[in-house]
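Topology and contacts: notes
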Amino acid sequence: MVTINDVKIIELPKILDARGNLSFAENFKQIPFEIKRTYWLYDVPGGECRGGHAYRANEEFIIAISGSFDVVLDDGKDRKVFSLNRSYYGLYVPKGLWRDMENFSTNAFALEFASTHYDEGDYIYDYDLFKKMKYNGEI
Ligand code: TYD
């Protein structure tokens, strides 16, 4: 069963240059899956929260390209806050974790790579159901 301990903060390569720095990530190298989809969050109004769900199968890799925000992850037993505020760190979020995103700074830009194509059926929106599925080892 996936737990909070399976979450990883991955330091990305950083090519320092007087002309501006560069970082990158590749499938199965820094990102531990094959990217099927990418999306991004921006213009998040102060005080707003995103997420509020778990995925049955989708894995993600989240980078704070600019600004900062917190990713709150919960495995039904333990909950941990991961604060992202550097463009050269990626947060690997395995499937089967409840996730909230909050405390977005002004101009925060969250870039998210996903291991699956968008599928509404992959979402679990009910926390009690999530906990039950976790308890039963279904996710
Ligand atoms: P959602 O995943 O709930 O956003 P978040 O978890 O960041 O709060 O998605 C919000 C809306 O966007 C929802 O109506 C579905 C749509 N959406 C897509 O159509 N494709 C995608 O790849 C994503 C991530 C969302």
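Refer to the structure printed above.
None of the values given here were measured: they were computed from a predicted structure.

1. Topic: a nonpolar patch on the surface
On the surface, a cluster of nonpolar side chains totalling about 260 Å² of accessible area is made up of Ile15, Leu22 and Phe24. Position of phenylalanine 24 among the secondary structure elements: in the loop between strand 3 (22-23) and strand 4 (37-41). We classify phenylalanine 24 as partly exposed; its relative accessible area is 34%.

2. Some thoughts on the layout of surface pockets
By volume, the largest pocket amounts to about 160 Å³. Leu12, Lys14, Asn21, Leu22, Ser23, Phe24, Ala25, Ile63, Ile65, Ser87, Leu111 and Phe113 are the residues that line the largest pocket. Elements with a minimum of two residues in the lining of the largest pocket: strand 3, strand 6 (60-66) and strand 11 (109-114). Counted by class, the lining of the largest pocket contains eight nonpolar, three polar and one charged residues.

3. Observations regarding the packing of aromatic side chains
Remark: the centre distance and the inter-plane angle together describe each pair of aromatic rings, the angle taken between the planes. A full pass over the atoms with the stated rule returns nine aromatic pairs. Taking the centre distance of 6.3 Å and the plane angle of 40 degrees together, the rings of phenylalanine 33 and tyrosine 92 count as tilted. Placement of the pair is phenylalanine 33 in the loop between strand 3 and strand 4 and tyrosine 92 in strand 9 (residues 89-93), with a sequence separation of 59 residues. Seen in terms of ring centroids, tyrosine 118 and tyrosine 123 are 5.9 Å apart; in terms of plane orientation they differ by 65 degrees. Their pairing is edge-to-face.

4. What about the site of the ligand?
Neighbouring the ligand are Arg37, Tyr39, Leu41, Arg50, Gly51, His53, Tyr118 and Tyr123. Take arginine 37: an N or O atom from its side chain is 2.6 Å from an oxygen atom of the ligand. Backbone polar atom of glycine 51 to an oxygen atom of the ligand: 2.8 Å apart, as the coordinates give it. Look at the ligand: alone it shows 530 Å² of surface, and the protein chains cover 63% of it. Put simply, the parts of the chain that give the shell around the ligand at least two residues each are strand 4 and strand 5 (50-55).

5. Some points on the side chain of arginine 99
Here arginine 99 shows up in strand 10 (residues 98-102). Residue classification places arginine 99 among the buried positions, given a relative accessible area of 3%. Looking at arginine 99, its side chain comes within polar contact range of the side chain of tyrosine 55, at 3.4 Å. For arginine 99, the side chain forms a polar contact with the side chain of glutamate 60, separated by 2.3 Å. Residues in contact with arginine 99, not counting those within four places in the same chain, are Tyr39, Gly51, Gly52, His53, Tyr55, Glu60, Ile62, Val71, Val72, Leu73 and Glu112.

Thresholds, definitions, all that
Residues numbered from 1 in each chain as written. Predicted model: local features only at pLDDT ≥ 70, side-chain atom pairs only at ≥ 80, totals over all residues. Heavy atoms only, no water. Patch = residues over 30% accessible without salt bridge, like charges linked within 9 Å, V, L, I, M, F, W, Y side chains within 5 Å. Areas by Shrake-Rupley, 256 points an atom, 1.4 Å probe, with all protein chains shown as cover. Salt bridge = Lys/Arg side-chain N within 4 Å of Asp/Glu carboxyl O. Helix = DSSP H or I, 4+ residues; strand = E, 2+ residues; numbered from the N terminus. Buried < 20%, exposed > 50% of the residue type's maximum accessible area, 1.4 Å probe, protein only. 1 Å grid on protein atoms, 1.4 Å probe; cavity = no way out; pocket = protein on both sides within 12 Å on 5 of 7 lines; lining within 4 Å. Points joined across faces, edges and corners; volume = space filled by probe spheres on them. Nonpolar A, V, L, I, M, F, W, Y, C, P; charged D, E, K, R; others polar. Phe/Tyr/Trp six-rings, centres within 6.5 Å; stacked < 30°, edge-to-face > 60°. Near = heavy atom within 4 Å. Polar contact = N/O pair within 3.5 Å; in protein donor to acceptor, adjacent residues only side chain to side chain. Contact = heavy atoms within 4.5 Å.

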